[in-house]
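# An overview of the molecular structure
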Amino acid sequence: MSLNKGHPILAIPGPSVIPERILSAMHRQAVSIYESELIEMTDLLLEDLKRLARTDGYVAIYQANGHGAWEAALRNTLRPGDKIVVLSNGFFSSRWGMVAATLGVKVTYLDYGMAGHADPARLEALLREDTSNDIKAVLAVQTETSSSVHNDPHALRLAIDAADHQALLMIDCIASMGCDPFKMDAWGVDVAVSASQKGLMIPIGLSFVFFNEKADAARTHTTPGQYFDWTDRAKSKDFYPRWSGSPPVHHMFGLRESLNMIVKEEGLPAVWSRHKTLSAAICAAVDAWGSAGTLSLNIKEPDRRAGGVTTINTAPGVGAKIRTWCDLNAGVTLGNSLGFPPSEVEDHFRIGHMGHLNIHMVMGVLGAIETAMQAEGIPHGTGGISAAAEVLAAHPTTGMKD
Ligand SMILES: *Cc1c(COP(=O)(O)O)cnc(C)c1O
């Protein structure tokens, strides 16, 4: 006999829970792509996406997942043989570098391990040695979804400037946009990529490349090909080239609703602040449980933790046990171990907490995990749920600094 009836919840770090409002907005019959609301809608989507990234630069939308945006960013700015530096601290940062290598780009990794943040001092030292400016770009993720470390893009820009280097700063914001503060222009980011299925709460299938004039100047030396070229997508006044063919109509409806929710209604400072509190509440629960020595937060320093995902390290086998129990008995699907050595595949799990969440959803996930530990006889400290409640109860009434 099972208790597992009712609404299940996907608590993985993307795809995230899709709000009913977005699902309803996408529930439409096909519309004409020749003359319709879509044409003006595209202008407004581009405008509001730029507000989301805090940029007056450009944005190109791709009918692709995050990998498509990764590749688009690289193809527009780099040529085979160009050198880049990838700041690697987990699965996704390494993989972006791997994608660059398939394009013939020469990749140097600065490896910070699975629990370290991208230390700007090491980057600065490396760039200082490159006096001829051979390195064309520095790539980093803002939230590394595998380790749940949060890198600081602004600190990386300051390091590049301190080294008096010309490299472009390219940031993967796929797991952070709409979760953590990001200010593209103020922080001196040249290229930023994001995707639809994490903080933006839309089904997988759209991705975004934001770029400034400096990055666009690199475009004049590259041959990205017709589909990946960001020029028409970002700048054309004509509808058809802007989408490189047929537009992703239903995703556009979803994106419209998402931007209404994030940018127009709740507002970014409130969105950022909400994620910060949810993340802190989850971390408080894990800290309390962890006093028995069976599980711990992967990222120790609170200000290095991501707003949208938390990675938890466990004693051997415990992570997999918790995940399986929650899946089978609680209607809660947790994130798997990603980026750690294969021998540790059962010794980590992740909680996705990005996007459309409230107290009962997050407390439900935490309650399910605590119940799993109870049911499986996994030693854990008491007070996890009340520690989370304390953080949630103290949520500030005003949003983060704009
Ligand atoms: C999810 C994710 C990706 C990959 O996105 P896909 O849509 O699966 O290609 C890349 N980078 C980060 C940081 C992510 O979280």
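Further up the page is the structure itself.
Every value quoted in this text rests on a predicted model; they were computed, and no experiment measured them.

## Topic: the packing of helix α12 (residues 268-289) against helix α15 (residues 384-393)
Where α12 meets α15, the axes come as close as 7 Å, and the angle between the chain directions of the two elements is 155°. The angle between the axes of α12 and α15 places the two elements in the roughly antiparallel class. Judged by the twist between their axes, the crossing of α12 over α15 is right-handed. Of α15, the residues touching α12 (which contributes T277, L278, A280, A281, A284, A285, A288 and W289) are G384, I385, A387, A388, V391 and L392.

## Topic: the site of the ligand
Every residue near the ligand is listed here: N65, G66, H67, W70, F92, T143, T145, D172, I174, A175, Q197 and K198. H67 has a polar side-chain atom sitting 2.5 Å from an oxygen atom of the ligand. In the model, an oxygen atom of the ligand is placed 2.4 Å from a nitrogen or oxygen of the T145 side chain. Coverage of the ligand by the protein chains reaches 91% of its 390 Å² of free accessible surface. If you tally residues by element for the shell around the ligand, the top one is helix α3 (residues 66-77), at 3 residues. Of the residues assigned to the shell around the ligand, the class counts are 4 nonpolar, 6 polar and 2 charged.

## Re the sheet that holds strand β12 (residues 309-314)
With antiparallel pairing, 3 strands are arranged side by side in an open sheet as β11-β12-β14. At either margin of the open sheet sits one strand with a lone partner, and together these are β11 (295-297) and β14 (348-352). Ignoring strand direction, the axes of neighbouring strands in this sheet form an average angle of 30°. Both β11 and β12 contribute to a ladder of 3 bridges, which runs antiparallel. Bridging from a neighbouring strand, L297 pairs with I312 of β12. Against the sheet, helix α13 (residues 318-330) makes contact with β12 and β14, and its axis sits at roughly 45° relative to β14, the strand it touches most.

## Description of the pattern of salt bridges
It is possible for side chains of opposite charge to pair when their charged atoms get near one another. Counted by the stated rule, this structure contains 15 salt bridges. When the shortest N-O distance is used, the salt bridge between E71 and R75 registers 2.8 Å. With E71 and R75 both in helix α3 and 4 residues apart, the pair spans about one turn of that helix. Where R157 meets D190, a salt bridge forms, and the shortest distance between an N and an O atom there is 2.8 Å. Placement of R157 in helix α6 (residues 153-162) and of D190 in the loop between β8 (168-172) and β9 (191-195) is noted, with a sequence separation of 33 residues between them. Here R157 matches D190 in class, with each residue buried. Three or more residues are tied together by salt bridges with common partners; here these are D48, R51, R256 and K264.

The rules we used
Residues numbered from 1 in each chain as written. Predicted model: local features only at pLDDT ≥ 70, side-chain atom pairs only at ≥ 80, totals over all residues. Heavy atoms only, no water. Axes fitted to C-alpha atoms, helices over the stretch in contact; angles between N-to-C directions. Helix = DSSP H or I, 4+ residues; strand = E, 2+ residues; numbered from the N terminus. Parallel < 35°, antiparallel > 145°, perpendicular 65-115°, else oblique. Left-handed = near helix turned anticlockwise from the far one by under 90°. Contact = heavy atoms within 4.5 Å. Near = heavy atom within 4 Å. Polar contact = N/O pair within 3.5 Å; in protein donor to acceptor, adjacent residues only side chain to side chain. Areas by Shrake-Rupley, 256 points an atom, 1.4 Å probe, with all protein chains shown as cover. Nonpolar A, V, L, I, M, F, W, Y, C, P; charged D, E, K, R; others polar. Pairing = 2+ DSSP bridges. Salt bridge = Lys/Arg side-chain N within 4 Å of Asp/Glu carboxyl O. Buried < 20%, exposed > 50% of the residue type's maximum accessible area, 1.4 Å probe, protein only.

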